[in-house]
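Results of the structural survey
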Amino acid sequence: MSATAGGEDASTRAGDLPQAPGDDVMVLAENVHKSFGRLEVLRGIDLEVRRGEVMCVVGPSGSGKSTFLRCINHLEKINGGRLWVNGRLMGYRQHGGRLYELRDSQVAAQRRDIGMVFQAFNLFPHMSVLGNVVEAPVRVKREPRAAARETAMELLDKVGLADKAASFPRQLSGGQQQRVAIARALAMRPELMLFDEPTSALDPELVGEVLDVMKDLAREGMTMVVVTHEMGFAREVGDSLVFMDGGVVVESGAPKRVLTDPQHERTRAFLSKVL
Amino acid sequence: MSTPTPTEGRAAPEPIKAVPVRHPGRWIAAAVLLVLAAMFVNMLVTNDKFNWPFLLENMFSPPVLYGVWTTLKLTVLAMAVGISLGIAVAVMRLSGNPILAGLAWVYTWFFRAVPRLVLCVLFGNMGILYQNLELGLPFDNYWMPALGLDGDARFYSVPMNEVLTPFMAALLALALSQGAYMAEIVRAGLLSVDKGQTEAAQALGMGRGLILRRITLPQALRVIVPPTGNEVTAMLKDTSLVSAIPLTTELFFQLQAIGNRTFDLFPMLVAACLWYLAITSLLMVGQFFLERSFTRGDRSAQAEVTIMQSKAGH
Ligand SMILES: Nc1ncnc2c1ncn2[C@@H]1O[C@H](COP(=O)(O)OP(=O)(O)OP(=O)(O)O)[C@@H](O)[C@H]1O
Ligand SMILES: [Mg+2]
């Protein structure tokens, strides 16, 4: 008898699950948990990124910032909670109070309108700069090659690298590579861009050129989640700032407010070290 | 006290003229080896057991040339099937699916453990297992009677000896064995590609097959191609094993047959050496150019960077 009651209980709870968020919400995370084996990396993340918002995420090393970003486009599978992007539950289909895992191809389709930029650039070294940018539009979206090239050249022009179209990644400086990586992500016309410490691997004099491209992007209204140590960028461009520590969001709010008047002791301690 | 003046305006010093160190040991060793080489050449020319006219006459006779053709065909086909198998098995090994990975492991384990000569003879005798090769539903001899049905559930049947010709047996033995070695080479190649490459491709919405075909496999080739070149040479030589099946059209079998028929075996064995030497040398030239073309992208890239730097310097 008790087993049946438990089953009913579970199903009603599943039925009460929050439904997909409204149109103006790009990312909605509800109580997101993620463990690697016994290591609990994310311990209940709740946050909302509105369409057109630039959210900066800061926090000490190991606090789970990268992991959370990778959960957003389902490079990591979450163990608990719910994560919606652009109104769709990432990695699952919810039906009749139950969750069904999506197939690889369906997950791949969900990722198409989420761009991601990595700390290590991860350009494809065996393809030219232009090849890197047209690859996904041509192979994934099946855009005609000529049209894809035209768009790619426009994007390369936008990041200031039209003259490098025929070069190979290893011939470029770090800053140039990262700008190509941004162009490559934009070529899929994403509605959301994720940046994981995009300038951390760069020499100080190259940081500015990448941040400038990101500022342009923000100005054009792109929704962005940026994990960064660049507090100046967060203050100037960010609409919101999230401070993570130990796998939870400790504090969030307007960047100026969080940076100048942190409410929590942990935020204060972290900021005193990095500012 | 005079401080050294800057190099500018100073005359270049006279080139050093010194007595070089002598190496008498090298000269003695070279002399000994030269004498041995001369003795060897003398033997080749004067010892009539080599029977050079007979050797040259038969080395290019039609059955031997057909043997060369069979050997080349077998090498190319066995390598082609072996490489395809190797890629498939390596992908299975890395798939993360325990059943596929386990199967792949067992396959590699078996075909790397059993010698090729044994495989050749084994596949040559495979015909005794079944009279006919049949296509149909599995285990029909159990479940058809159990359901009270007569007959069988087989739709297609060919005699085994029509399918498993000596050439097929040879190809199967060599290709399956090669597949196991290629699987290890391809796996090492795929593992050499940075994980960030797969993640970047996934983030762009690319699926598994596309990522393998367009991103990881092309980059793995730099690690896969050099050992594969060596495998081709090894395969060419191992085709001589199929004379044990026996595959009678193959090069080594043909040369041996002529030798046995004429009671003059030794020249034919030398002819076999010469043929394998010639083809292997050609393959090595091909390998050299293939490997060079694979590193060309890097070298021209390097050259361009150097040019850019020297321009920036001016
Ligand atoms: N694939 C993985 N397997 C096991 N543990 C992992 C894995 N990825 C991350 N971790 C662990 O999860 C924790 C959080 O890692 P994460 O990369 O999210 O931190 P972070 O906030 O991005 O740190 P950093 O500022 O150094 O990049 C770390 O303790 C890390 O060792
Ligand atoms: Mg990180």
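Everything quoted here is computed from the prediction, not taken from an experiment.

**Observations regarding the sheet that holds strand β5 (residues 88-89) of chain A**
Residues and elements named next belong to chain A.
- A sheet is described by the order of its strands in space; here four strands give the open sequence β2-β1-β4-β5, paired in antiparallel fashion. Since the sheet does not close on itself, it has two edges, and those belong to β2 (39-50) and β5, each with one partner.
- As paired elements, strand β4 (residues 80-85) and β5 share two bridges and run antiparallel to each other. Bridge assignment links W84 to a residue of β5, and that residue is L89.
- In this fold helix α2 (residues 65-72) packs onto β1 (25-36), β2 and β4, with an angle of close to 60° to the strand it touches most, β2.

**Thoughts on the UniProt feature "domain: ABC transmembrane type-1" (unreviewed entry) in chain B**
- Mapped onto this structure's residue numbering, the UniProt feature "domain: ABC transmembrane type-1" (unreviewed entry) falls at residues 68-287 of chain B.
- When the span residues 68-287 of chain B is considered, its composition is 74% helix and 5% strand, and the gap between its end C-alpha atoms is 20 Å.

**A word on the site of ligand 1**
Residues and elements named next belong to chain A.
- Taken together, F36, L39, V41, P60, S61, G62, S63, G64, K65, S66, T67 and E197 are the residues near ligand 1.
- G62 is positioned such that a nitrogen or oxygen atom in its backbone is 2.8 Å from an oxygen atom of ligand 1.
- Measuring from an oxygen atom of ligand 1, one finds a backbone N or O atom of G64 at 3.0 Å.
- Its free accessible area being 640 Å², ligand 1 has 60% of it covered by the protein chains.
- No other element matches α2, which puts three residues into the shell around ligand 1.

**Regarding the state of the cysteines**
- The final tally for this structure, using the stated rule, is zero disulfides over all chains.
- There is no disulfide at C71 of chain A, and the cysteine sulfur nearest it, in C56 of chain A, is 19 Å away.

**Concerning unusual backbone geometry**
- Residues I245 of chain B and P246 of chain B are joined by a peptide bond in cis, for which omega reads 0°.
- With respect to the element layout, P246 of chain B can be found in the loop between α10 (208-238) and α11 (251-262).
- If you check the backbone angles, F121 of chain A has positive phi at about 65° while not being a glycine.
- Within the fold, F121 of chain A resides in the loop between β8 (114-117) and α4 (129-139).
- The phi angle at F139 of chain B is positive, at roughly 60°, despite the residue not being glycine.
- You can see F139 of chain B is positioned in the loop between β1 (132-136) and α6 (140-146).

Calculation criteria
- Residues numbered from 1 in each chain as written.
- Chains lettered and ligands numbered in written order.
- Predicted model: local features only at pLDDT ≥ 70, side-chain atom pairs only at ≥ 80, totals over all residues.
- Heavy atoms only, no water.
- Pairing = 2+ DSSP bridges.
- Helix = DSSP H or I, 4+ residues; strand = E, 2+ residues; numbered from the N terminus.
- Contact = heavy atoms within 4.5 Å.
- Axes fitted to C-alpha atoms, helices over the stretch in contact; angles between N-to-C directions.
- UniProt positions renumbered as here; feature names shortened; annotations may be inferred.
- Near = heavy atom within 4 Å.
- Polar contact = N/O pair within 3.5 Å; in protein donor to acceptor, adjacent residues only side chain to side chain.
- Areas by Shrake-Rupley, 256 points an atom, 1.4 Å probe, with all protein chains shown as cover.
- Disulfide = S-S within 2.5 Å.

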